[in-house]
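Observations on the model geometry
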Amino acid sequence: MKILSKNTSDYISSTNVSYIKSIFNTLSCNFLLTDCMAEWEQQLSDAEIVDLDSLLHEMRRIKSPIELQFMQHANDISIAAHYSIMEYCKPGVNEAELEALFYYECMRRGGRFQAYDPIIASGNAATILHYLDNNGVCRDGDLLLVDAGSKYHYYSSDITRTFPVNGRFTSRQADLYNVVLEANKAVIAMVRPGITLGDMQQETIKLLTEGLCALGLLQGEVDSLIEQKAYVPFYM
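Bear in mind the structure is a predicted one, so any value in this text is a computation, not a measurement.

1. A few points about the overall build of the chain
Within the chain, the secondary structure is distributed over nine helices and eight strands. Out of the 236 residues belonging to the chain, those deemed buried represent 29%. In the chain, of all internal contacts separated by at least 6 residues, the share reaching a separation of at least 24 is 59%. Accessible area for the chain stands at about 15,600 Å²; split by element, carbon and sulfur atoms hold 55% of it.

Quick look at the structure:
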């Protein structure tokens, strides 16, 4: 029995046959084509067509040493590009300039392609999920959200950071930033075998809700607020 992906027999028997025939005809090897087609037909007649998704999913869960190297390098490239944006950013700069800088810094380090379209969002645009205009002017006193990551040998990085355009948080901005930062640190510390993504998400919601209450942005019992999903307007 041979394991093939869905529609493999259709793919081999229809999509590629004309192309394969043209190659064999060009090489005047029709006798080889006849033998190959007969062998394919025999193989496919005994094949069980199964979906490989479940097997591939399990293979992706544990990374080999070389995969870990690729993943680390993809992140190293992205980290350097994020730092470059932080250093370059100032009031009056256009988001598009920062996007171009991110591409440049990634490419010169070997990150030819992006893992996804960069999000460079300043001011109110930072609250728009998957904002892609990247054409606003960064203004004094605003925050800038950068969600961008490079790809290296098909392994992707994904980094999001928010920082002040002028390099200085206001008191209120710092308070909110620290609520998110402390939640981030606490959830990272949770990571160990047996902990699920759901566990970490629930802890994140709890910590953020507690922080919002401490800042006076939410009022009430934390458990009740979570049950009511009162945190949702602040949560992305």
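2. As for the sheet that holds strand 5 (residues 143-148)
Spatial strand order, 4-5-8: three strands in an open sheet with antiparallel pairing. Edge positions in the sheet fall to strand 4 (119-122) and strand 8 (159-164), since each has one partner strand and no second. Adjacent strand axes in the sheet meet at a mean angle of 10°, parallel and antiparallel pairs treated alike. The pairing of strand 5 with strand 8 spans six bridges and is antiparallel. When the sheet's bridge partners are listed, Leu 145 is paired in strand 8 with Thr 162. Against the sheet, helix 5 (residues 65-88) contacts strand 4, strand 5 and strand 8, and its axis sits at roughly 15° relative to strand 8.

3. Observations regarding helix 7 (residues 171-190)
Over its 20 residues, helix 7 runs 29 Å from end to end, which matches the ideal 28 Å to within 8%, given 1.5 Å per residue. Where helix 7 is buried, its residues contact strand 5 and helix 8 (197-214).

4. A few points about the layout of surface pockets
Empty space within the largest pocket amounts to approximately 1,900 Å³. As for the largest pocket, its lining consists of 39 residues, of which Leu 145, Thr 160, Thr 162, Val 180 and Met 236 are closest to the centre. Of all the elements in the fold, those that place two or more residues in the lining of the largest pocket are strand 5, strand 8, helix 7 and helix 8. Its residues assigned to classes, the lining of the largest pocket comprises 23 nonpolar, 12 polar and four charged.

5. As for the environment of Leu 217
Mapped onto the elements of the fold, Leu 217 is located in the loop between helix 8 and helix 9 (222-227). Through-space distance from the C-alpha of Leu 217 to that of Phe 234 is 9.4 Å; in sequence the pair is 17 residues apart. Those residues in contact with Leu 217 that sit more than four places away from it in its chain are Arg 172, Leu 176, Leu 212 and Phe 234.

6. What about the pattern of salt bridges?
If you walk through the whole model with that rule in mind, you get four salt bridges. Here Arg 61 and Glu 58 are joined by a salt bridge, their closest N and O atoms 3.3 Å apart. With a gap of three residues between them, Arg 61 and Glu 58 both fall in helix 4 (residues 53-61), about one helical turn apart. Judged by relative accessible area, Arg 61 falls into the exposed class, the value being 58%. Across the pair Glu 210 and Lys 206 runs a salt bridge whose closest N-O atoms are separated by 2.8 Å. Of this pair, Glu 210 and Lys 206 both sit in helix 8, four residues apart, which is roughly one turn of the helix. Accessibility expressed as a relative area gives 32% for Glu 210, which makes it partly exposed. Owing to a relative accessible area of 33%, Lys 206 belongs among the partly exposed residues under this scheme.

7. A closer look at the environment of Gly 123
For Gly 123, the position within the fold is in the loop between strand 4 and strand 5. Judged by its relative accessible area of 18%, Gly 123 falls in the buried class. Placed 42 residues apart in sequence, Gly 123 and Val 165 show a C-alpha to C-alpha distance of 9.1 Å. Excluding its chain neighbours within four sequence positions, the residues that come into contact with Gly 123 are Asp 142 and Leu 143.

8. Focus: the pairing of strand 4
Residues Ile 119 and Ala 121 line one face of strand 4 and the alternating positions Ile 120 and Ser 122 line the opposite face, and both faces are buried. Bridge analysis of strand 4 against strand 5 gives four bridges, and the strand direction is antiparallel. Residue pairing across strands places Ser 122 opposite Leu 144, the latter belonging to strand 5.

Definitions and limits used
- Residues numbered from 1 in each chain as written.
- Predicted model: local features only at pLDDT ≥ 70, side-chain atom pairs only at ≥ 80, totals over all residues.
- Heavy atoms only, no water.
- Helix = DSSP H or I, 4+ residues; strand = E, 2+ residues; numbered from the N terminus.
- Buried < 20%, exposed > 50% of the residue type's maximum accessible area, 1.4 Å probe, protein only.
- Contact = heavy atoms within 4.5 Å.
- Areas by Shrake-Rupley, 256 points an atom, 1.4 Å probe, with all protein chains shown as cover.
- Pairing = 2+ DSSP bridges.
- Axes fitted to C-alpha atoms, helices over the stretch in contact; angles between N-to-C directions.
- Expected span 1.5 Å × (residues − 1).
- 1 Å grid on protein atoms, 1.4 Å probe; cavity = no way out; pocket = protein on both sides within 12 Å on 5 of 7 lines; lining within 4 Å.
- Points joined across faces, edges and corners; volume = space filled by probe spheres on them.
- Nonpolar A, V, L, I, M, F, W, Y, C, P; charged D, E, K, R; others polar.
- Salt bridge = Lys/Arg side-chain N within 4 Å of Asp/Glu carboxyl O.

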